[in-house]
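Report on the structure
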Amino acid sequence: MPVWYRYRFCDLLTDDFIADLELSDVTYTRRISEPGTFSATIPITNSTIADRVAKVVPRHPDDLTTGPGRTVVHVYRNNVIWGTYLISAASVAGDGNKVTVSITGASLESYLERVEIRADHEFEQVDQIQIVRELLSAMQSNPIYDIGLTVQAGTSGVPRDRTYLASEVATYGARIKELSEVDDGFEWMIHTRETGGVRSYELVWGHPTIGSLTGNHVFSQPGNVSSWSEEIDSTRGATSYLTRGEADNPDVTDTSAPTVSDLAAGLATPHLDAGWPGLDATIDYPSVRLVDTLNAYAGWHATHMAGAVRFHQATVRLDETTSFNPGDLGDYARLILVNPWWPIVDKLPSFSKSWRVVGMDVTTPSRNGDQDTVVLTFAEEEV
C-alpha cells in the first residue's frame, strides 16, 4: 500500500511556514510521558536544494531568523500529522562535491525540558493535573516561552502537595515527569491538532493511563507482523526501592541526613512472595522533603519496575488507512504470534495477548509510495 510523507518546517513560537523539504533516512519515535526523537539527512545535489535547506539550516551565524532551537518539523503521513519535532541540532559535511545536511530533534515534550522554573511555586492539596495546568500557564505567561500549549480539560481527583523553588534550577518538563511518575499518578503526551489548516498543541493526559481498553487494533504473525522481540532485563528493575530526598534541615552547614522513604513503600511484594532475592535500588529526588511523597515515588517504581523488566516489540506493516497512529499510543492492541517459540496449541495460537502500545519507532520509506517500517513497543499489562 502506498505511503506518502511530507515534512513541513515552521517557527516554534508562531508556527509560520518556513519550507517543505524532501528528507532521506528519516526515523522518528513517539513515547508516553517522555520525548520522542527525530533524525534525517538531506543530500545537497544542487544550489536550488541548498538554498531551500538554508531556510532551515542557516549558512551564516548572523542569520537568526531560523535554525535549530527555534524551528519545528511537522511530519505528515498521508496528510495526517504523526508528530511535531523541535529541531535541536544540524550538521553540514562535504566530501568532494558531495554535501549532506543532517538534522536531529525531539518531540515537543522536549521543549518543556529546556525551560527552567525561575519563580517559586507552592501547591497545597491541589489536583495533580491542575498543578500541570498552572505550571504551564506560568511558563507561557512570558511570550518568549509561549508555544500556545493548552492542557486537556478536567482533573484527576488526586490532590498533591508540591513546592518548586527557583533555586532548584529544575525544568518544567522534569517536574511534570516527576509529578506523573508517582503512585496514583498519570500519563501524558503533547498532541498536534490541525483544524482548517491551523495547528495547535494540547497536552493530553490520562489517570492513571492514556488510551482505550477497547481498541480494535490487531497485529498478527502470519499477517501484518514481520518480526518481534522480547528482552528480559533484571538490571533495569529491583525488588526493593528506596527514594531519597532533601534533608529536613536546609542549612548547608548542617550534616543532617537526607529524608528517605519507608522501606515497605518500595517493596515488590509479589516478586518477594514468589521467592525472588532482594535486588536493591535507591533513586534520588533532591528537592523532596516529605516522606509521604517519597513513599509515593518508591511505590511507583515497585509497581512499574519490579523484578526483571520485560521489553516487547513487534515490527508491523501499517497501510495508508491504518487504524493506529501515534495519537493512539496507550490503546490496547491484540498481538497474535504463531512461530516455533509460540506454536499452535489445541488449534489456537499459544500467544494471543491484548497489551498496551506505549511507543512507536518509524523509519520512513526511501521514496514516497513505498512502505514504511513501524516498530511498536508494548507494555505487559494484559486485559
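Predicted model only: the values in this text are computed from it and were never measured. (Residues numbered from 1 in each chain as written. Predicted model: local features only at pLDDT ≥ 70, side-chain atom pairs only at ≥ 80, totals over all residues. Heavy atoms only, no water.)

**Description of the overall build of the protein chain**
Helix and strand content of the protein chain: five helices and 23 strands. In terms of overall size, the protein chain behaves like a compact globule, its C-alpha atoms giving a radius of gyration of 23 Å where 383 residues would be expected to give roughly 21 Å. If you line up the protein chain on its principal axes, its C-alpha atoms span 65 × 65 × 45 Å. Taken across its 383 residues, the protein chain has 45% of its residues classed as buried. When contacts within the protein chain are restricted to residue pairs at least 6 apart in sequence, long-range pairs at least 24 apart make up 67% of them. Per element, the accessible surface of the protein chain, about 18800 Å² overall, is 51% carbon and sulfur. (Helix = DSSP H or I, 4+ residues; strand = E, 2+ residues; numbered from the N terminus. Rg over C-alpha atoms; globule rule 2.2 N^0.38 Å. Buried < 20%, exposed > 50% of the residue type's maximum accessible area, 1.4 Å probe, protein only. Contact = heavy atoms within 4.5 Å. Areas by Shrake-Rupley, 256 points an atom, 1.4 Å probe, with all protein chains shown as cover.)

**Overview of the pattern of salt bridges**
This structure, assessed with the given rule, holds 18 salt bridges. In this structure, Arg77 and Asp372 form a salt bridge, with 2.8 Å as the shortest nitrogen-oxygen distance. In this pair, Arg77 is assigned in strand 5 (residues 71-77) and Asp372 in the loop between strand 22 (351-363) and strand 23 (373-379), connecting sequence segments 295 residues apart. Assigned by exposure class, Arg77 and Asp372 land together as buried. Between Glu178 and Arg175 there is a salt bridge; the shortest N-O distance is 2.9 Å. Of this pair, Glu178 and Arg175 both sit in helix 3 (residues 172-180), separated by three residues, roughly a single helical turn. (Salt bridge = Lys/Arg side-chain N within 4 Å of Asp/Glu carboxyl O.)

**Some words on the sheet that holds strand 16 (residues 258-260)**
The sheet built from three strands is open, its strands ordered 16-15-17 with mixed pairing. Among the strands making up the open sheet, the edge pair consists of strand 16 and strand 17 (280-284). Pairs of neighbouring strands in the sheet enclose a mean axial angle of 30°, with direction left out of account. Pairing analysis gives two bridges linking strand 15 (residues 240-247) to strand 16, with the strands arranged antiparallel. From the neighbouring strand, Arg244 faces strand 16, where its bridge partner is Val260. (Pairing = 2+ DSSP bridges. Axes fitted to C-alpha atoms, helices over the stretch in contact; angles between N-to-C directions.)

**Notes on the pairing of strand 7 (residues 98-107)**
Examined bridge by bridge, strand 4 (residues 37-44) and strand 7 share eight bridges and lie antiparallel to one another. Following the sheet pairing, Ser39 is matched in strand 7 by Thr104. Where strand 6 (residues 80-95) hands over to strand 7, the hairpin turn is made up of two residues, of which Gly96 adopts a positive phi near 65°.

**Considering the packing of aromatic side chains**
In total, this model carries ten aromatic pairs according to the counting rule given. Between Tyr5 and Tyr28, the aromatic rings sit 6.1 Å apart at their centres with planes inclined by 70°, giving edge-to-face as the arrangement. Separated by 23 residues along the polypeptide, Tyr5 in strand 1 (residues 5-11) and Tyr28 in strand 3 (residues 24-31) bring together distant segments of the chain. Taking the relative accessible area as the measure of exposure, Tyr5 reaches 7% and is therefore buried. On the basis of relative accessibility, which here comes to 1%, the residue Tyr28 falls in the buried class. An angle of 65° between the planes, with centres 6.0 Å apart, marks the rings of Tyr28 and Tyr85 as edge-to-face. Within this pair, whereas Tyr28 is found in strand 3, its partner Tyr85 is found in strand 6, the two being separated by 57 residues in sequence. The ring of Tyr76 has Arg6 sitting right over it, with the charged end atom 4.2 Å from the ring centre. (Phe/Tyr/Trp six-rings, centres within 6.5 Å; stacked < 30°, edge-to-face > 60°. Lys NZ or Arg CZ within 6 Å of the ring centre and 35° of its normal.)

**A look at the environment of Tyr285**
Along the chain, the position of Tyr285 falls in the loop between strand 17 and helix 5 (291-304). By relative accessible area, Tyr285 is classed as buried at 6%. When sequence neighbours within four positions are dropped, the list of residues in contact with Tyr285 reads Glu178, Thr243, Arg244, Gly245, Glu246, Leu294, Tyr297 and His301.

**A short note on the sheet that holds strand 12 (residues 198-206)**
As summarised here, the arrangement of the three strands in space is 9-12-11, forming an open sheet in which the pairing is mixed. Every other strand in the sheet has two partners, leaving strand 9 (149-151) and strand 11 (187-195) as the edge strands with one partner each. Going from strand to strand, the sheet's axes swing by 30° on average, the running direction of each strand aside. Where strand 11 and strand 12 come together, nine bridges link them in antiparallel fashion. Looking across to strand 12, one finds that His191 is bridged to Glu202. This element, helix 2 (residues 128-140), spans strand 9 and strand 12 of the sheet and lies at about 160° to strand 9.

**Details of the nonpolar core**
Here is a general trend for soluble globular proteins: nonpolar side chains tend to be buried in one another's company. In terms of nonpolar packing, the biggest core is built from 47 residues, with Phe9 and Phe38 touching the most fellow members. One finds Ile147, Tyr201, Leu203 and Trp205 within the second-largest nonpolar core, a separate group that totals 30 residues. (Core = buried A, V, L, I, M, F, W, Y, C linked by side-chain atoms within 4.5 Å.)

**Section: the side chain of Asp127**
Tracing the sequence through the fold places Asp127 in strand 8 (residues 121-127). Among the polar contacts listed, one links the side chain of Asp127 to the backbone nitrogen of Val158, at a separation of 3.1 Å. Discounting residues that sit within four places of it in the chain, Asp127 has contacts with Thr155, Ser156, Gly157, Val158 and Pro159. (Polar contact = N/O pair within 3.5 Å; in protein donor to acceptor, adjacent residues only side chain to side chain.)

**Digging into unusual backbone geometry**
For the bond from His207 to Pro208, the omega torsion is 0°, close enough to zero to count as cis. Tracing the backbone shows Pro208 in the loop between strand 12 and strand 13 (217-221). For the peptide bond that leads from Gln221 to Pro222, omega is 0°, which places it in the cis range. Position of Pro222 among the secondary structure elements: in the loop between strand 13 and strand 14 (225-233).

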